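So you can see what is in the structure, the chains are spelled out below.
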Amino acid sequence: MSTQAPGALPLRRRGPLSEAPPAAERHVPTSAAAKLMTEALQEVHDSFDSVAINGVLVATRDGLVLCGVTRGIEDDGVAAMASAAAGLATQFTSQAGVGSPRAVFFEGESGQVGVFGVDADTLLVVLGERDTTMGMFNVVAKKALALLQQAVAARR
């Protein structure tokens, strides 16, 4: 039986806190495009405190990792799923008649994931911290996207 007042919004259930997260892993780029993205991504990552963002990853639209600063995830799998999510979003927004997708957001028990198109060939995946609200995550993730686009443009 619930003890919430009628009409109150449900609270997010919190799972047990895990041990300290592992150190951030860095994906090593091999191409000139990947090196450009790595420099730009590092600039973006360094400009944020870790209050809202847990990690960032840049991938091709084909699902290959270009670079990333993440903790405790399988970068290759996340890049592949980001590609699939972006493709599904394109089909979904087209069917719904709302235009081209700008972003895809997922909210889980332990945080959020946002997938954004950086340009025609590249996706940005932003991973949100555990206790960040979806609204705050949305603001910070879109700021990260804008900063990445600016950093890439400045390097080209």
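Every residue gets a number counted from 1 within its own chain, in the order that chain's sequence is written. Where totals are concerned, whole chains, interfaces and linings use all residues; where local detail is concerned, this predicted model gives features only for residues with pLDDT of at least 70, and gives and counts side-chain atom pairs only at 80 or more. The side-chain values count all of the structure's non-hydrogen atoms but skip hydrogen atoms and water molecules.

By the naming in an unreviewed UniProt entry, the chain is Roadblock/LC7 domain-containing protein, taken from Lentzea kristufekii.

Would you mind going over the overall build of the chain in detail, with residue names and values included?
What counts as a helix is a DSSP run of H or I of at least four residues, what counts as a strand is a run of E of at least two, and both are numbered from the N terminus. In terms of helices and strands, the chain carries 3 helices and 6 strands. Beginning at the N terminus, the succession of helices and strands in the chain can be written as β-α-β-β-α-β-β-β-α. Here the term buried applies to any residue with accessible area under 20% of the maximum for its type, exposed to any over 50%, and partly exposed to those in between, with areas from a 1.4 Å probe on protein chains only. Taking all 156 residues of the chain together, 35% fall into the buried category. By the convention used here, residues are in contact when the closest approach between their heavy atoms is within 4.5 Å. Taking as baseline every contact in the chain between residues at least 6 positions apart, the subset at least 24 positions apart corresponds to 58%. A total accessible area of about 9,600 Å² is found for the chain, and carbon and sulfur atoms account for 58% of it. Surface accessibility in these figures is a Shrake-Rupley result with a 1.4 Å probe; residues are shielded only by whichever protein chains are displayed.

Mind laying out the pairing of strand β5 (residues 111-119), listing which residues take part and the relevant values?
Two faces, one strand: in a regular strand the side chains alternate between the faces of the sheet. In this structure, strand β4 (residues 103-108) lies alongside β5, joined through 6 bridges in antiparallel fashion. By the bridge assignment, G108 is partnered in β5 with G111. The turn linking β4 back onto β5 is made up of 2 residues. The sheet contact formed by β5 and strand β6 (residues 122-128) spans 6 bridges and is antiparallel. Across the sheet, G117 pairs through a bridge with L123, a residue of β6. The loop that links β5 with its antiparallel partner β6 comprises 2 residues. A strand pair is defined by DSSP finding two or more bridges across the two strands.

Help me get a handle on the packing of helix α1 (residues 32-47) against helix α3 (residues 134-155), residues and values and all.
Here an angle of 0 to 180 degrees is reported between the N-to-C directions of two axes, which are lines fitted to C-alpha atoms, with helices fitted over the stretch in contact. Contact geometry of α1 with α3 gives a least axis separation of 9 Å together with a crossing angle of 140 degrees. The orientation of α1 relative to α3 falls into the category oblique. Crossing of α1 over α3 shows right-handed handedness. For the pair α1 and α3, the contacting residues are L36, M37, E39, A40, L41, E43, V44 and S47 in the first and A144, L147, L148, A151, V152 and R155 in the second. In terms of residue class, the contact of α1 with α3 is made up of 10 nonpolar, 1 polar and 3 charged. Should an angle lie under 35 degrees it is considered roughly parallel, over 145 roughly antiparallel, and from 65 to 115 roughly perpendicular; all remaining angles are considered oblique. Take the far helix as your reference; a near helix turned counterclockwise from it by less than a right angle gives a left-handed crossing, and one turned clockwise gives a right-handed crossing. Any residue outside Ala, Val, Leu, Ile, Met, Phe, Trp, Tyr, Cys, Pro, Asp, Glu, Lys and Arg is labelled polar, Gly included; the first ten of those are nonpolar and the last four are charged.

For the packing of aromatic side chains, give the residues involved together with the corresponding values.
Only centres within 6.5 Å qualify two rings of Phe, Tyr or Trp (six-membered ring in Trp) as a pair; their planes then separate them into stacked at under 30 degrees, edge-to-face at over 60, and tilted for everything else. Inspection of every chain in the model, using the stated rule, returns 2 aromatic pairs. With a centroid separation of 5.6 Å and 85 degrees between ring planes, the pair formed by F105 and F116 is classed as edge-to-face. Separated by 11 residues along the polypeptide, F105 in strand β4 and F116 in strand β5 bring together distant segments of the chain. Judged by relative accessible area, F116 falls into the buried class, the value being 1%. Relative to F137, the ring of F105 lies with its centre 6.1 Å away and its plane at 80 degrees, an arrangement referred to as edge-to-face. With F105 in strand β4 and F137 in helix α3, the pair connects residues that are 32 residues apart, well separated along the chain. Judged by its relative accessible area of 0%, F137 is buried. The rings of F105, F116 and F137 are connected pair by pair, giving a single aromatic cluster.

Mind laying out helix α2 (residues 75-96), listing which residues take part and the relevant values?
In a helix, the anticipated span is given by 1.5 Å times the number of residues less one. Here α2 is 22 residues long and its end C-alpha atoms lie 31 Å apart, about the 32 Å a rise of 1.5 Å per residue gives. Residues of α2 that are buried include every one of D75, A79, A82, S83, A85, A86, A89 and T93, and no others. One side of α2 carries all its buried residues, which in axial view fall inside an arc of 165 degrees. Facing away from the buried side of α2 by more than 90 degrees, the exposed set consists of M81, L88, Q91, F92 and Q95. By arc we mean the arc of the directions from the helix axis to the C-beta atoms, nothing more.

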